[in-house]
Every structure is written in structure tokens, then in C-alpha cells.
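# Summary of structural features
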Amino acid sequence: MKDRARIAWMFLLPMLFLMALVAGWPLARSIWFSFTETNINDMSASTYAGFSNYCGEFGLFCSEGFWQSDWWTSIKNTFLFSFVSVILETLAGLGVAMLLNQDFKGRALVRTAVLVPWAIPTIVSAKMWGWMLHDQFGLINQLLVDWGLITQKIAFTADPAYALWTVVAVDVWKTTPFMALLILAGLQTLPKDCYEAARVDGVHPLRVFWKVTLPLVKYPLLVAVVFRMLDALRVFDLIFVLTSNSSSTISMSGFVRREMVDNGNLGFGSAASTSLTLIIFLTAVVFMRAARVKLNEESS
Amino acid sequence: MNKLVIAAALAAGGMAGAQAATITISCGSNAADVEYCGKFAEEWGKANGHTVKMYSPPASTTDNLALLRQQFAAKSSDVDVIMIDVVWPGVIKDHLVDLKKYSKGVESTHFPAIVANNTVDGKLLGMPWFTDAGLLFYRKDLLEKYGLKAPNTWDELAAAAKKIQDGERASSPDFQGFVFQAKAYEGLTCDALEWVHSYGGGEIVDKAGNITINNPQAAKALDTAASWIGTIAPGGVLNYGEEDSRGVWQNGKAAFMRNWPYAWSLGQAADSPIKGKIGVAALPAGTGPGAKKAATLGGWQLAVSKYSKNVDAAAALAMYMTSAEIQKKRAVGGSYNPTIPSLYKDADILKANPFMGELLDVFTNAVARPATATGLKYPEVSQAFWDATHEVLSKKMNGADAVKKLEAKLKQVKRNKW
């Protein structure tokens, strides 16, 4: 038995080493940076700054201007985006999954086709939608004008009143297939006998959905939502490419990028990125508690 | 047989390796940059036995600088000759080669102000390549049609744009009066500095490093610009960079455009719908105390990365590309403004770009962004400024509140010193 354990560790060792190298070290380094004052211009000239990046006169959280700060705006934007887009994607994904779970001619083809938006790299789809939504030569504005729905072309990606909702719409378009796929996988494991029993008893299809399908598919559904939630909270590329990147639509990841990359403040930026990780972690914990997803029980 | 070929190839490679170098040059990403930079650099490479590769930097100056700083932090030798913006020397001074050794005094034939801008701590960090200033492009044919003259103040511009827009919309429903750059990026800082300065509102941070932006004229300038959005400028302008505004303009869908000189030659190209209909003027003045015409100083320099593996060859290429000969070719073909005063008397250049002679004052008196005063913190200062401006333009805040908030933000960026 001891031998077995030792051999297992030996097999794991290369992977653990790689993980430490590509995940552990950068993570540790970025956490370390968050306690320093470092500029990208000369990283060797970094000075220890304690918690001042988190909670100091100019820190992230307990400064006077917190409620007016871009950091707070970015937290608000990110949660608003995640909340709305995940709800819409879950509903749409459930619908698509239910449809694809039916037997019909050409199902394999449709299943593949549905995945296309998910398979396109985000940067490409964001750029593509950016052009379609363009206020001057965009297809969508042109169609809306031609159909007489609007008289003035709308600046979907520039007008702050529309920008965040445009991002949500494109994200829903892109990520619904992912949700549909996860939910469909769940649907396919459902026992057939429940449905046969329901059919023999002549239960109304809607009732079957509420009383049989939904309770049975609940756990896969919640897992999918957690996955999507974690992903949505670190949204960056869609907002970066599609909108004008002003602080009114900035996300938490966008804020981190701005501080680290544009402004070269590695210390402050690392503090923001570490906070982002903690915020996502806490959200996941709270959500799973609230939804009572017991992943361990689920798998056993 | 195969071994023989490999051996021969190795031998040839080894021999050539003694002098031949591969030089990568970064010089912009629009079509004209490829035509008027890549071509000349390749010719130089062929003549000197070097291989020259083009590197396309991000189109947005903000992203371009950010990527460059990451490459420098990693001491990357990927790019040898780098085109740098007029506001960058203070930010990336630690990573560039002093070109004095290679220039042999030739920099004294360039505009002294640009050479001074590129000299940090006595080191010449970039050779001036082309200079830029914001210009007002207008449609000669439309101004004539409506009996108007090129505007002298922003109010005149707004009135003229409105008149033309109202008239043209009868036949072309998405015709716009005025397009400019108002996406939240460095370009907006340039546009907004012109508005603020033309209203006598200063330069955000003055030469001594004092934050001067919180003044009523600056607020008035931003409020004026905000009043254009939705009246003479499309709402989408809030997401426009240079090329987006040029797209609308060159399709004949705008009466006025604020842009850099490069838009001239592209607009005059054979396939341009508005060829021969373009006029160029200095940007209008504001109103009130201290009002004057103002154009933001732009322009690009060629610098050599300290981490280049072939500094000598790279410096030689930079010197060649900034020489009077190449600057003339670039001016004639691509309307890149030369940085050598004597070229402004050159007949070929003036024939291709009449505005260069007429607007020489605009180029020599352009207002600089506060990059020297704020040094390493310039990117943050600029970002705070364009963010505040974007808030006013998108009508989330009025000018007075925005400049007050901006002053507080800049104090926070400054902390103890720039």
C-alpha cells in the first residue's frame, strides 16, 4: 500500500511541478506585488507598502472616495453584467437544450450549428458585432431604419445608456450554446422510465417539465450556472473590444488591466487583481451555499 | 545528398551572419504606414544586406504604449526600431538608446522644439520623423453651396455644421455636421486639449507641474463640445478613433472633421469619393478671456530599443528613415509633415500638400500635452483627463463638476510629486 502511494506521488510530481511553475509562482508573485509599490518601468525598484494598496489613503477599499472611485464603478458594472447575462443565458440555454433533447430529423446538424457562436473566439465575435452595431455603417442600424422602427441611428456601443446592455446581448448570443450544451448533457442522463410513467398517466407536458425534468436536472443546471457565473465575473475582452473603454462601462478585469498595463502600476494593479480573485471566490461560496449545491454528495 | 545541402546552407548562413542582421521596425499600422515606411525600410535593407521585418503595433496609441512597456519590462529584443509618440520619451526613457553617437549632429537640421522634446537627461532618445498637429478638414464644395466660409470660432463651426447638415439630410439622411475623436483613449486627450486651450483654459498641468484644469474656461470648453453630440456630431463619435472618423468623412458623410494631416493624402487618393473637395484650416478658436486657435502637437520619432541585438544596424536604419530624402518622399506621397524646416520650402512637397505651407504656423505653435511635466505618470494623467471629458460628452456630468472632479483625481495621481 505504501508503495502504491509512493508511485502515485511519483506520477503526480511532474504535474505538480508544472502547476507550481505556471500557476503557483505567478499567483504568489502577483500577491506579493500587491503589497508593494512597483512600476513596470523598473520592476527591481519596488518598495514594500504593506496594505496601503488595499486600505490606505489611495487604496482600493477604505479610501474616502471609494463610492466615487472607478474601482467601485467596475465592481457594480461587473455584477450587473454577470447577474443579467447569466439569468438570460440560463433561460435561453435551458430552452435550447430542451429543444435539442427532442428527436427530430437533422438533430446532429442543428446541435453542431448551435455551437458556432461559442466556437468563435470572443475577440472575433466582439469585432463582428461591433461592425454590425456601428452607428454609421452598421447592418443592424440600417435594418432598423429600413423597417421604420427607428428614425435616428443608435450608437449602441458608444452611448452609455446602451453600451452595457449591448455587451449583455452579445454575451448572451455567444454563451447560450455553452449553457445549452451543459444542460443538454444533464438532460440526457435523465432516466427514461419517469417520462414513460408520466406519459402512461397522461400528465400535461408542462407539468412534466416542472415536476420531473426541472428537479432532476437541477444539479447539472446549478453547476452550469456556477461555471458561467465565475466566467462572467471576470469579463474583459467583450467590453474591451466592443465599447469605448471609458470608466462608465469598465469591468473589474478591465480596471486591473488599465492599472497594470496602461498605467504600469503593478503594485496597485496586483492588489486589484487579488481582490478580484477573492471577490469571485466569495461570490461562488455564497452562491453555492444559497443554492445548496453539495458538489461532493452530487458526485458520490 | 541531403547532408550536403544542409552543410552548404549552414556555411552560407554562417558567412552572411557576420554582417547581415534582421532588423524589425515598428512604424504604424494603417495602409499609408505600410506603403511609406515598410517599402523604404526594405529598400534600405536590400542596399545594406540586412533583412528588414515590419511589426504592426496596435492602432490605438494607448495600447501601443502599453504593449511596448510590457516588452521593455521583459527586456524583449523583438522590435529594434520603434516609432514613438511625442509624449512617450519621458515614460520610456530608460529603455532607449542614446542616438547622439549615430546622428553626428544631423538633429540640428530638425525643428529644435521636437529635438528638445526627444532629449531627456542630455540623451537624444528619438530622431524626429514626422510632426503632427490637429487640423480642421472641411468640404470646400459644401461650404460654397451654402455660402459659408471656413469657421474661425467653434460657435461659427457649430452653426455652419448645423446648416449644412440640415440641408444635406434631405438627400442623405445620415449626413453629419462634424466628426472627431471621442473614444476614451489618447486621441480624446488631444482633441479635448485643443478645446480647452482654445478657450484659454490652459494645458491641464502647467510646465511647473501645477494642476490648472479646474477653471471656468476649461469647463466652458467641455460643455461646448458636449453640446455638439447629437446635434452636429453623431452619438457614435463617443466610440470613434481617427480611422472611424475618417471612415465617415471620406465616404462623404460629414461636412467637417478634426484629424491629423495623414487624412489629407488618403482623402485625395484616386478612389476617394471626396477627392478635390477637401479644404484644410486651423482649428477654430474659443470665446471668452484668453481664447485663441489651438492645435495639439502630435508627431512621431524613431527610437532604438536598448534590448536590440543589432543596435548599430538599427540606429543606421533609424537615421536613414528620418533623413531629408525619405522625409520628402513621405511628405509628397503620404502627407507626413516633415520635421526639417527647410523641407517646408520644397516645391514638390508644397505642390502635393498646399496646406503645409499655409499652415506652417499651426505646426510650429502647436500646444504640447503635459508629458514633460508629468513624466512617468503621464499615461494616468491623460487617462483621467479623457475619462472626465468622456463623462461630459456623454452628458453624465457638466463641465464645471467634471473639471473639479478631475482636479481631485489628478491630485491623487500626483500624490507627492510627478
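Whatever comes next refers back to the structure up there.
Structural notes, computed from the coordinates. (Residues numbered from 1 in each chain as written. Chains lettered and ligands numbered in written order. Predicted model: local features only at pLDDT ≥ 70, side-chain atom pairs only at ≥ 80, totals over all residues.)

### Here we look at the overall build of chain B
Each helix and strand in chain B was counted, giving 20 helices and 11 strands. Relative to its length of 418 residues, chain B is compact, with a C-alpha radius of gyration of 23 Å against a globular reference of 22 Å. For chain B, the spread of C-alpha atoms along the principal axes amounts to about 75 × 55 × 40 Å. Out of the 418 residues belonging to chain B, those deemed buried represent 53%. For chain B, long-range pairs separated by at least 24 residues make up 71% of all intrachain contacts whose partners lie at least 6 apart in sequence. (Helix = DSSP H or I, 4+ residues; strand = E, 2+ residues; numbered from the N terminus. Rg over C-alpha atoms; globule rule 2.2 N^0.38 Å. Buried ≥ 20, exposed ≤ 12 C-beta atoms within 10 Å, placed from the backbone. Contact = placed C-beta atoms within 7 Å.)

### So, the overall build of chain A
Helices and strands together make up the secondary structure of chain A, namely 13 helices and two strands. By principal-axis analysis of the C-alpha atoms, chain A measures approximately 75 × 75 × 35 Å.

### A word on the environment of F175(B)
All names here are of chain B. When you line up the elements, F175 lands in the loop between α8 (154–168) and β8 (176–179). On the basis of neighbour count, F175 is assigned to the buried category, with 20 C-beta atoms found within 10 Å. Placed 104 residues apart in sequence, F175 and Q71 show a C-alpha to C-alpha distance of 43 Å. Beyond its immediate stretch of four places on either side in the chain, F175 contacts Q165, E168, R169 and K253.

### Remarks on the nonpolar core
Membership of the largest hydrophobic core comes to 176 residues, with the highest contact counts inside it found for F137(B), F178(B), V179(B), F256(B) and A318(B). Tallying contributions element by element places helix α7 (residues 160–188) of chain A first for this core, with nine residues. Residues from two domains meet in this core; each of domain 1 (2–132 + 298–364) and domain 2 (135–296 + 370–414) of chain B gives at least three. Excluding its chain neighbours within four sequence positions, the residues that come into contact with V179(B) are A233(B), V237(B), Y240(B), S245(B), V248(B), W249(B), A254(B) and M257(B). (Core = buried A, V, L, I, M, F, W, Y, C linked by C-beta atoms within 7 Å. Domains from an automatic or database assignment.)

### Re helix α20 (residues 399–414) of chain B
Note on helix geometry: an α-helix contains 3.6 residues per turn, so any two residues three or four positions apart are oriented the same way. Residues and elements named next belong to chain B. For α20, built from 16 residues, the straight-helix expectation of 22 Å at 1.5 Å per residue is met to within 8% by its first-to-last C-alpha distance of 22 Å. Where α20 is concerned, the buried positions are G399, A402, V403, L406, K409, L410 and V413. Buried residues in α20, looked at end-on, bunch into an arc of 120°, giving them a common side. The secondary structure elements touched by the buried residues of α20 are α10 (216–228) and α19 (378–393). (Expected span 1.5 Å × (residues − 1). Arc of directions from axis to C-beta.)

### Things to note about the pairing of strand β6 (residues 127–133) of chain B
Residue and element names in this part refer to chain B. For β6, a buried count of seven out of seven residues is recorded, marking the element as mostly surrounded by other parts of the structure. Relative to strand β11 (residues 297–304), β6 is paired through six bridges, and the arrangement is antiparallel. Its bridge partner lying in β11, P128 is registered against Q301. (Pairing = 2+ DSSP bridges.)

### Some words on the packing of α19(B) against α20(B)
Residues and elements named next belong to chain B. At a closest axis distance of 10 Å, the pairing of α19 and α20 adopts a crossing angle of 160°. It follows from the interaxial angle that α19 and α20 lie roughly antiparallel. The way α19 lies across α20 gives a crossing that is right-handed. Residues E380, V381, A384, F385, A388, E391 and V392 of α19 touch α20, and the partners they reach there are G399, A402, V403, K405, L406, K409, L410 and V413. (Axes fitted to C-alpha atoms, helices over the stretch in contact; angles between N-to-C directions. Parallel < 35°, antiparallel > 145°, perpendicular 65-115°, else oblique. Left-handed = near helix turned anticlockwise from the far one by under 90°.)

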